[in-house]
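Listed here are the chains, written in short residue letters.
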Amino acid sequence: MQLKRRQFLASASAAALASPAIIGRAVAADGIKFVSILDQSNGLDIYGKPMVETTRMAVDEINAAGGLLGRPIDLKVYDPQSSIQLYTQFATQAAAGDRADVVHAGITSASREAIRPTFSRFRVLYFYNVLYEGGVCDINNFCTGSTPAQTVEKLVPYTMNKWGKKVYIIAADYNYGQITAQWVQKYVRDNGGDPVATEFFPLDVTNFGPTIKKIQQAQPDMVMSALVGGAHVSFYRQYAAAGMNASIPIASTTFGVGNEHKLISAEEGNGMICAYSYFEEVDNATNKAFVQRFRDRLGDDAPALNELAARAYEGAYIWAEAVRQAGTTERMAVIEALRSGVYYDGPSGRVQIEPKTNHANQNVYLAELKDQSFQILETYENQPPTDTLLVCDLVADPNQSTFKFENGLKAAGIDI
């Protein structure tokens, strides 16, 4: 079942009457207003800068091909500087000041949850194009990044079969790290393993010496890392300096999506295994052409491409295809089109919106790092967001606007 177009348009009309601030958005200017809010400084820029570049590339390509509905896309980019306060400020500016037709924004889950209510309140379509812990259920919010059931569920058994059953977990101390660590614990136990210890670290921590000593004492078979941000890159350097990467290997749910593999040496990173919905090294013609266009565009300044960068690009194209199908930028009509089976065959493969959750069915790749490049080991096609499907059904109840990670963990049998 899907919501009918008439229901969507009726809801949109009621919303416009209730929210004078958004009246006139479609006629305020000739250009279609696309706003990006992504960190380009202060720690989280290792994720945000490539995303901004691929967003600009997508918009430029769409405009070069004639724009949308005969109109150009006007892109405005804000840098929240890894500050939640600035995220909320720019979200309000995008919605109430710029009267954006769509906003693509947020890197951390904390930033997403700080701004998501603003876009719901102002009825501005919102895309979150970053891998995360799952559980968002919001008719107005489309999450195109991978979730633990798509990636971590593949990564844990593969690495346990390769290295052993005793797993030491380290993670960033906020929503993503805490919740992902619980998913890791579940998948370790489901596969007959032992999560021997779990530690959490604030995003500004750079000294991992005490933890490395604990790992040495615990003697696990492997370390599973869900560390986040520029400061946490220090762990991998310090781990290698202690000689640990030669004896206790690392798998990660986050390493590489900030191009960390280019920030450390080959010797420090070799052998690490990760799983994402995209690697620059994915071997298909669409991706090869995408990578070449990106490098031609930026030259020597081109960063490596990763899931976040690819999904920012693909997210823009999925939205554009929905606008074409809807024949309008009107929010509810575009939402209906997105949920009707819209897909985009992009660098990562086919990305298609799953209508119960407004998340993406997508390919997943498992890869090993060697000499600062990832070698693809396994490919899993068309993976659904089964963790979020446990707690979200927007077809049955389109009026949800929640973040239900606790219910998802409980539904998966995780004791919290």
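Residues numbered from 1 in each chain as written. Predicted model: local features only at pLDDT ≥ 70, side-chain atom pairs only at ≥ 80, totals over all residues. Heavy atoms only, no water.

**Considering the packing of aromatic side chains**
Both the distance between ring centres and the angle between the ring planes are used here to describe each pair of aromatic rings. Scanning the entire structure with this criterion turns up 17 aromatic pairs. Ring plane angle 50° and centroid distance 5.0 Å describe the contact between Tyr313 and Tyr317, whose orientation is recorded as tilted. Residue Tyr313 and its partner Tyr317 are located together in helix α11 (residues 307-326), separated by four residues, close to a single helical turn. Taken as a pair, Tyr313 and Tyr317 share a single burial class, namely buried. The structure contains a cluster of three or more aromatic residues connected by ring pairs, namely Phe201, Phe208, Phe235, Tyr236, Tyr239 and Phe255. When the ring centre of Phe403 is taken as reference, the NZ or CZ atom of Arg112 above it lies at 4.8 Å. One residue, Arg350, lies across the ring of Tyr343, its end atom 3.7 Å from the ring centre. (Phe/Tyr/Trp six-rings, centres within 6.5 Å; stacked < 30°, edge-to-face > 60°. Helix = DSSP H or I, 4+ residues; strand = E, 2+ residues; numbered from the N terminus. Buried < 20%, exposed > 50% of the residue type's maximum accessible area, 1.4 Å probe, protein only. Lys NZ or Arg CZ within 6 Å of the ring centre and 35° of its normal.)

**Let's talk about the nonpolar core**
Judged by nonpolar contacts, the single largest core of 130 residues is most densely connected at Ile37, Phe235 and Trp319. When residues of this core are sorted by domain, at least three fall in each of domain 1 (31-146 + 283-362 + 384-402) and domain 2 (149-276). Among all residues touching Trp319, those that are not within four sequence positions of it are Ile32, Phe34, Leu68, Ile73, Val102, His104, Leu125, Phe127, Val334 and Leu338. (Core = buried A, V, L, I, M, F, W, Y, C linked by side-chain atoms within 4.5 Å. Domains from an automatic or database assignment. Contact = heavy atoms within 4.5 Å.)

**What to know about unusual backbone geometry**
Only a minority of non-glycine residues have a phi that is not negative, and only a minority of peptide bonds are not trans. A positive phi angle, near 60°, is found at Ser82, a position not held by glycine. Here Ser82 is to be found in the loop between β2 (73-78) and α3 (84-97). Given the relative accessible area of 26%, Ser82 is considered partly exposed. Despite not being glycine, Asn358 shows a phi value in the positive range, around 60°. Examined against the element boundaries, Asn358 turns out to sit in the loop between β13 (349-354) and β14 (359-370). Take Asn358: its relative accessible area is 0%, and that puts it in the buried class.

**Observations concerning the packing of α3 against helix α4 (residues 109-122)**
Relative orientation of the contacting elements α3 and α4 amounts to 20°, with a least axis distance of 9 Å. Relative to α4, α3 is oriented roughly parallel. At the point where α3 passes α4, the crossing takes the right-handed sense. Taking contact as the criterion, the partners of Ile84, Tyr87, Thr88, Ala91, Thr92, Ala95 and Ala96 in α3 are, on α4, Ala110, Ser111, Ala114, Ile115, Thr118, Phe119 and Phe122. (Axes fitted to C-alpha atoms, helices over the stretch in contact; angles between N-to-C directions. Parallel < 35°, antiparallel > 145°, perpendicular 65-115°, else oblique. Left-handed = near helix turned anticlockwise from the far one by under 90°.)

**Things to note about the environment of Arg350**
By the secondary structure assignment, Arg350 is in strand β13. The sequence separation of Arg350 and Asn361 amounts to 11 residues, and the corresponding C-alpha distance is 8.1 Å. Once residues lying within four places of it in the same chain are set aside, the contact partners of Arg350 are Tyr343, Tyr344, Asp345, Asn361, Gln362 and Asn363. Within the structure, the side chain of Arg350 is placed 2.7 Å from the side chain of Asp345, a separation counted as a polar contact. (Polar contact = N/O pair within 3.5 Å; in protein donor to acceptor, adjacent residues only side chain to side chain.)

**With respect to the environment of Gly67**
Examined against the element boundaries, Gly67 turns out to sit in the loop between α2 (45-64) and β2. Taking the C-alpha atoms as reference, Gly67 lies 9.1 Å from Ala320; in sequence the two are 253 residues apart.

**Observations concerning the pairing of strand β8 (residues 194-201)**
Two elements, strand β7 (residues 166-172) and β8, share seven bridges in a ladder whose sense is parallel. Its bridge partner being in β8, Ile169 is matched across the sheet by Thr198. Where the polypeptide runs from β7 across helix α6 (residues 175-190) and back to β8, its parallel neighbour, the crossover connection is right-handed. (Pairing = 2+ DSSP bridges. Right-handed = clockwise from strand over helix to strand, strands pointing away.)

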